[in-house]
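The chain contents come next:
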Amino acid sequence: MNKQIKELIPQQRVLERIAELGEQISREYAGKSITMLILANGGVFFAVDLIRSMKNVAVYMECIRVSSYKKSCVSSGNPEIFGTLSAEDFKDNHILIVDDIVDTGNTLKRICEQIENFGAASVKVCALLDKPSRRTVDLVPDYRGFEVEDKFIVGYGLDYAEKYRELPFIGYIE
Ligand code: IMP
Ligand code: MG
């Protein structure tokens, strides 16, 4: 059965905010190159628009698939990471990890630790959404689009059991 979706952030506002983030990141990394590590599936939609809004920064893309929900909507707190990361892609490089949302923070914390162990020059986190009320580990995104309340968010890449990623706005399930 389809759920009732309520709009939280309209598409226009999402795109404006991503453009602002792109400008800010471009200023802070001006003249450098970044390796963007994109967490699929959810982070892909955001990452594409973010890259398109960046200027004067060379962006290399890496992608891994991470799943913490397993077709349900309760974070397992133990994200499964598919695909391997190889140290040579990260060593001595500036890494920007891009995801759709920071919830408990477990996923990003684990990935940050791995990348730091590879000897990256710097590791920062950029998330479209931040749900700080749900945090169980010490992780604050360096860049974030919007802070959201503890609602189940869908749209703009975020899914409920693999549905609703295609919605162009950010909504929540009632
Ligand atoms: P964390 O490890 O608990 O921070 O979980 C992060 C991952 O869970 C995100 O990358 C999302 O894929 C997923 N997630 C967390 N909250 C939501 C939500 O409200 N809607 C959809 N997916 C979510
Ligand atoms: Mg995710």
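Residues numbered from 1 in each chain as written. Chains lettered and ligands numbered in written order. Predicted model: local features only at pLDDT ≥ 70, side-chain atom pairs only at ≥ 80, totals over all residues. Heavy atoms only, no water.

A. Examining the overall build of the protein chain more closely. Secondary structure assignment for the protein chain yields three helices and nine strands. Starting at the N terminus and walking to the C terminus, you meet the elements of the protein chain as β-α-β-α-β-β-β-α-β-β-β-β. Against the compact-globule benchmark of 16 Å for 174 residues, the protein chain has a radius of gyration of 15 Å, which places it among compact chains. Summarising its shape, the C-alpha atoms of the protein chain cover approximately 50 × 35 × 25 Å along the three principal directions. Counting all 174 residues of the protein chain, 47% fall into the buried class. For the protein chain, contacts bridging at least 24 residues in sequence account for 70% of all contacts bridging at least 6. Carbon and sulfur atoms form 47% of the exposed surface of the protein chain, whose accessible area is close to 8,900 Å². (Helix = DSSP H or I, 4+ residues; strand = E, 2+ residues; numbered from the N terminus. Rg over C-alpha atoms; globule rule 2.2 N^0.38 Å. Buried < 20%, exposed > 50% of the residue type's maximum accessible area, 1.4 Å probe, protein only. Contact = heavy atoms within 4.5 Å. Areas by Shrake-Rupley, 256 points an atom, 1.4 Å probe, with all protein chains shown as cover.)

B. Layout of the environment of Glu-166. You can see Glu-166 is positioned in the loop between strand E8 (153-154) and strand E9 (170-173). Spatially, the C-alpha atoms of Glu-166 and Tyr-156 are 6.2 Å apart, while their sequence positions differ by 10 residues.

C. Inspection of the sheet that holds strand E1 (residues 5-9) at higher detail. If you trace the three strands from one edge of the open sheet to the other, you get E1-E9-E8, paired in antiparallel fashion. If you trace the sheet from one side to the other, it starts and ends with E1 and E8, each paired once. Sheet analysis places E1 next to E9, joined by four bridges and oriented antiparallel. When the bridges of E9 are listed, Lys-6 appears paired with Tyr-172. (Pairing = 2+ DSSP bridges.)

D. Expanded view of the pairing of E9. Burial along E9 is two-sided: Ile-170 and Tyr-172 facing one way and Gly-171 and Ile-173 facing the other are all buried. When E8 meets E9, the two strands line up antiparallel, connected through two bridges. Bridging across to E9, Val-154 finds its partner in Gly-171.

E. Up close: a nonpolar patch on the surface. There is a patch of nonpolar side chains on the surface, built from Val-44, Phe-45 and Val-48 and spanning about 190 Å² of accessible area. Note on placement: Phe-45 falls in helix H2 (residues 43-52). Taking relative accessible area as the criterion, Phe-45 reaches 34% and is therefore assigned partly exposed. (Patch = residues over 30% accessible without salt bridge, like charges linked within 9 Å, V, L, I, M, F, W, Y side chains within 5 Å. Salt bridge = Lys/Arg side-chain N within 4 Å of Asp/Glu carboxyl O.)

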